[in-house]
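Each chain, letter by letter, is given below.
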Amino acid sequence: MPYYIQSKILETFIQVLNMSLTASSIIVFVLVARLLLKKAPKIFSYALWSVVFFRLLCPISFESMFSLLPINASSISTNTVYSETPQISTGIAAVDNAINPILPAPTNGASEDNPLLIAATIGEGLWLLGVVILLLYSIVSFLRLRKRLIGAVKLQGNIFLADHIASPFVIGLFHPKIYLPSTLAEQEQSYIILHEQTHIRRFDHVMKIIAFTALCIHWFNPLVWIAFTLTIKDMEMSCDESVMRRLGANIREEYSASLLSLATGRKIIAGTPLAFGEGDTKSRIKNMLRYKKPALWVMLAALIAVAAIFIAFAANPQQASMEWAKNLRVENVEKIELVVIPSGKNERYRLFDRSEFSDIVTLVHNSRGGYLPNPESIAGGGVTYYITTTDGVRHEFGNNGNAYLLIDGDSYDAGHSWLSSWGNVKGNSPLPETFLFGNEKFLTLDELKLIAKKGDAVSWDDFAPYHGKSLGSGLYIRSYPMEPPYYVNVGGVPGELPMYIHLGSTETEQYIDIRQESIDEFIQKSKTEVFSY
């Protein structure tokens, strides 16, 4: 299989794992809320499941200040699989501390011996196999059912009578049809037809297909199976209640008898059909026997509860870095510095006057975009404002190649049009040798010489404590600025030993690989060549 396709499948698998993990926390909450709504009409319990299937199927996330999601929506990243020190970040410290120490790390950075990558590859294979099996099962079941419908007779409109079916059902997506057993007594037809028409009017036949699609994708998650089963149960109970509200409670006995006689006797794990006798017959009958029209205040309270839960869990929590950007005030700013990389030697740095703070703060206030937990490496320059506030905290606010907005290490998809409007930002002086980027160290020649002593054993982790910028462009490349005119570029594949570690000079435009050549000789040669110019 081509590497590109394989990597995309792995990315998709990891995204599915994250979505499943996020939805699992919501399913637990919905199960609790469902118990609290036990005496409310079942339409509200049924509505609760919509937020679960939204999180299971929607790959695009957005943020809200009202979100109460207890878990990080991107707990696992693709980089975790390749990292020499793999970690997950669920947002729950106890879980992270329990799992991270036992995650297996690759041996000597070799991807072929990376146990986590091997496990992920096996996992994605099993996941795809499970999806295919469920889809094939559903397709075969559908074709067998269609075969039994040959010879069905039209009763009226979209309602048909068939000889070889055990229970009424709705089938079809855009033009759904109702099929009734030809043996169904005429007095039963009225409320059973009303039951199936209610399903169609509420688009329950579409909802079941959506729920089954989520089940196919997340088949490995037992909580999703529970959610699917209870969704169908709540769907049927709410439909039963709707029929009783329209026809009156005096049909309870006849309705219950029909439900018993037409029960399928099994749970239909498929996207279609939506059968009258499907689900937990005993629970449905009990629900009908104790059903009574709820008080208005119960309806309102249940409606508010469902709306609140959807608002609380449909979106991800707003990142703290974005909140800081939106709330920044000029009077709280102590110092603003600008760093532009790459750029000319005398245009890399600028220290702003207080009179210029307002314009920078306005730019920060305009921050926008969805949070990107795993942004791709890109080629291009970077513009970063280092803003020190009066409480002594130093914040980063940057533009990465007009592609991402960076705030305190978080990446946001801010849109090219706004990022490019920043203009051709330049500094007005060389980068101070003592300048530190964030909480990381500034790589010096002396520290580079210590790293170079490891020879071929030099790894990505050796550069982890130092500030670097991702350049991308095919391979994974990070550039580490040093005292002018030097810089270091490290390139290769994450999880493996670097393919090259180049020490270069912007003055001579030459470079060496520090693992094979002498740093001191390179520096001496560079000075000689510059002097000779």
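Residues numbered from 1 in each chain as written. Predicted model: local features only at pLDDT ≥ 70, side-chain atom pairs only at ≥ 80, totals over all residues. Heavy atoms only, no water.

Peer 1: What is the right way to read the overall build of the protein from this model?
Peer 2: Each helix and strand in the protein was counted, giving 16 helices and 19 strands. In the protein, buried positions account for 47% of the 533 residues. Counted over contacts in the protein with a minimum sequence separation of 6, partners at least 24 positions apart contribute 64%. Within the structure as shown, the protein displays about 26,700 Å² of accessible surface, and the carbon and sulfur contribution to it stands at 59%. (Helix = DSSP H or I, 4+ residues; strand = E, 2+ residues; numbered from the N terminus. Buried < 20%, exposed > 50% of the residue type's maximum accessible area, 1.4 Å probe, protein only. Contact = heavy atoms within 4.5 Å. Areas by Shrake-Rupley, 256 points an atom, 1.4 Å probe, with all protein chains shown as cover.)

Peer 1: So what exactly am I meant to see when it comes to the sheet that holds strand 16 (residues 476-481) here?
Peer 2: Consider a sheet: its strands pair through backbone hydrogen bonds, and that pairing is either parallel or antiparallel. One open sheet accounts for five strands, arranged 15-16-17-18-19; its pairing is antiparallel. Every other strand in the sheet has two partners, leaving strand 15 (469-470) and strand 19 (511-513) as the edge strands with one partner each. In this sheet, strand 18 (residues 500-505) lies alongside strand 17 (residues 486-492) in antiparallel orientation, the contact comprising six bridges. When the sheet's bridge partners are listed, Asn489 is paired in strand 18 with His502. (Pairing = 2+ DSSP bridges.)

Peer 1: I keep staring at the pattern of salt bridges and nothing clicks. Help me out?
Peer 2: If the charged atoms of two oppositely charged side chains come close together, the side chains can form a pair. Counting across every chain of the model gives 11 salt bridges. When the shortest N-O distance is used, the salt bridge between Arg202 and Asp204 registers 2.8 Å. Salt-bridge contacts for Glu347 lead to Lys426; the nearest nitrogen and oxygen are separated by 4.0 Å. Here Glu347, found in the loop between strand 8 (333-341) and strand 9 (349-351), pairs with Lys426, found in the loop between helix 14 (416-420) and helix 15 (445-452); they are 79 residues apart in sequence, far enough to count as distant. (Salt bridge = Lys/Arg side-chain N within 4 Å of Asp/Glu carboxyl O.)

Peer 1: How should the pairing of strand 8 be read in this particular structure?
Peer 2: On any regular strand, side chains alternate: one points to one face of the sheet, the next to the other face. When strand 8 meets strand 11 (residues 382-389), the two strands line up antiparallel, connected through eight bridges. Bridge assignment links Val333 to a residue of strand 11, and that residue is Thr389. As paired strands, strand 8 and strand 9 are joined by three bridges and run antiparallel to one another. Paired with Glu337 across the bridge in strand 9 is Leu351.

Peer 1: Whenever I open this one, the sheet that holds strand 10 (residues 370-372) confuses me. Can you help?
Peer 2: Spatial ordering of the open sheet is given by 9-8-11-12-13-14-10, a layout of seven strands whose pairing is antiparallel. Two strands bound the open sheet, and with one partner strand each, they are strand 9 and strand 10. Here the strands of the sheet are splayed against their neighbours by 25° on average, with no regard to which way each runs. Bridge analysis of strand 10 against strand 14 (residues 410-413) gives three bridges, and the strand direction is antiparallel. Directly across from Tyr371, in strand 14, lies its bridge partner Tyr412. Against the sheet, helix 12 (residues 320-327) makes contact with strand 11, strand 12 (394-400), strand 13 (404-407) and strand 14, and its axis sits at roughly 85° relative to strand 13, the strand it touches most. (Axes fitted to C-alpha atoms, helices over the stretch in contact; angles between N-to-C directions.)

Peer 1: In this structure, what is going on with the side chain of Glu236? I would like to understand it.
Peer 2: Note that Glu236 resides in helix 8 (residues 222-247). Under the relative-accessibility criterion, Glu236 is labelled buried at 0%.

Peer 1: Can you help me understand the pairing of strand 5 (residues 177-181) in this one?
Peer 2: For strand 5, the tally of buried residues reaches four of five residues, placing the bulk of the element in the interior. Here four bridges tie strand 3 (residues 159-162) to strand 5, and the two strands are oriented parallel to one another. Counterpart to Ile159 in the pairing with strand 5 is Ile178. Inspection of the sheet shows strand 4 (residues 169-171) paired to strand 5 by three bridges, in the antiparallel sense. Following the sheet pairing, Phe169 is matched in strand 5 by Tyr179. Here strand 4 folds back onto strand 5 in antiparallel fashion, the turn holding five residues, of which Gly172 has a positive phi close to 115°.

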